[in-house]
Amino acid sequence: QVQLVESGGGLVQAGGSLRLSCATSGITRSIKAIGWYRQAAEKERELVADITRGGSRNYVDSVKGRFTISRDNAKNTVYLQMNSLKPEDTAVYYCNARGYDGRYLGVWGQGTLVTVSS
């Protein structure tokens, strides 16, 4: 019911910046929040940041002050601005939507790879 396509990953040196984009479509009225998730090698997927329909934002402690989640409602797009990148940020980044019942509304895709070199 909800389609999401993430993009914007790449290779960047430590201290650099990237902006990820998550384009959404489908039955977007069912979305309570959109989040950015990441999965590093040999690690479990974790929530990095999310933004609710009401505009509330949450961040995992490790990215606070460095990452900013935002949205452009006209473009149905959510962004993740990542500054001061660290090698520890290296991961495949995914976006997904959660419904009001907390369930994921999108299908986990291939994500976009962020590689931060030291």
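Structure: see above.
The model shown is predicted, which means the values in this text are computed figures rather than measured ones. (Residues numbered from 1 in each chain as written. Predicted model: local features only at pLDDT ≥ 70, side-chain atom pairs only at ≥ 80, totals over all residues. Heavy atoms only, no water.)

> I'm lost on the environment of valine 5 in this one. Help?
As for its position among the elements, valine 5 is in strand β1 (residues 2-7). Judged by relative accessible area, which is 54%, valine 5 ranks as exposed. For valine 5 and tyrosine 94, which are 89 residues apart along the polypeptide, the C-alpha to C-alpha distance reads 8.6 Å. With residues up to four places along the chain from it excluded, the contact list for valine 5 reads Ser21, Cys22, Ala23 and Cys95. (Helix = DSSP H or I, 4+ residues; strand = E, 2+ residues; numbered from the N terminus. Buried < 20%, exposed > 50% of the residue type's maximum accessible area, 1.4 Å probe, protein only. Contact = heavy atoms within 4.5 Å.)

> I would appreciate a short explanation of the layout of surface pockets in the present structure.
To find leftover empty space, one rolls a probe the size of a water molecule over the atoms. What the largest pocket holds in volume is close to 260 Å³. What lines the largest pocket is a set of 14 residues, and nearest its centre among them are Ile31, Ile34, Arg53, Arg71 and Asn73. For the lining of the largest pocket, the element with the highest residue contribution is strand β4 (residues 31-39), accounting for three residues. Within the lining of the largest pocket, the residues separate by chemical class into four nonpolar, six polar and four charged. (1 Å grid on protein atoms, 1.4 Å probe; cavity = no way out; pocket = protein on both sides within 12 Å on 5 of 7 lines; lining within 4 Å. Points joined across faces, edges and corners; volume = space filled by probe spheres on them. Nonpolar A, V, L, I, M, F, W, Y, C, P; charged D, E, K, R; others polar.)

> Got a minute to help me understand a positive patch on the surface in this structure?
There is a patch of like positive charges on the surface, built from Lys32, Arg53, Arg57 and Arg71. Within the secondary structure, arginine 71 is located in strand β7 (residues 67-72). (Patch = residues over 30% accessible without salt bridge, like charges linked within 9 Å, V, L, I, M, F, W, Y side chains within 5 Å. Areas by Shrake-Rupley, 256 points an atom, 1.4 Å probe, with all protein chains shown as cover. Salt bridge = Lys/Arg side-chain N within 4 Å of Asp/Glu carboxyl O. Lys, Arg positive; Asp, Glu negative; His and termini not counted. Charge placed at Lys NZ, Arg CZ, Asp CG, Glu CD.)

> I tried to follow the sheet that holds strand β9 (residues 91-99) on my own but got confused; where do I start?
Strand pairs in the sheet, formed through backbone hydrogen bonds, run parallel or antiparallel to each other. With respect to topology, six strands assemble into an open sheet ordered β2-β10-β9-β4-β5-β6, the strand pairing being mixed. In the strand order of this sheet, the two ends are held by β2 (10-13) and β6 (57-59), each with one partner. Adjacent strand axes in the sheet meet at a mean angle of 25 degrees when their direction is disregarded. As paired elements, β2 and strand β10 (residues 112-117) share four bridges and run parallel to each other. When the bridges of β10 are listed, glutamine 13 appears paired with serine 117. (Pairing = 2+ DSSP bridges. Axes fitted to C-alpha atoms, helices over the stretch in contact; angles between N-to-C directions.)

> I would appreciate a short explanation of unusual backbone geometry in the present structure.
For residues that are not glycine, phi is negative in most cases, and the peptide bond is trans in most cases. Of note, the phi angle at glutamate 42 is positive, near 65 degrees, even though the residue is not glycine. Here glutamate 42 is to be found in the loop between β4 and β5 (46-52). A positive phi angle, close to 50 degrees, is found at serine 84, a residue other than glycine. Assignment of secondary structure puts serine 84 in the loop between β8 (77-82) and β9. Residue class for serine 84 comes out partly exposed when judged on its relative accessible area of 40%.

> Would you take a moment to explain the pattern of salt bridges for this structure?
Here the idea is simple: oppositely charged side chains can pair when their charged atoms come close. Tallied over the entire structure, the rule returns five salt bridges. A single salt-bridge network, built from bridges that share partners, covers Arg38, Glu46, Arg66 and Asp89.

> Help me understand the sheet that holds β7, please; the structure alone is not making it clear to me.
Spatially, β1-β3-β8-β7 is the arrangement adopted by the four strands of the open sheet, whose pairing is antiparallel. The sheet terminates laterally at β1 and β7, the two strands that pair on one side only. Along the sheet, successive strands turn relative to each other by an average axial angle of 20 degrees, direction set aside. Pairing of β7 with β8, which is carried by six bridges, proceeds in the antiparallel orientation. Bridge pairing links serine 70 to tyrosine 79 in β8.

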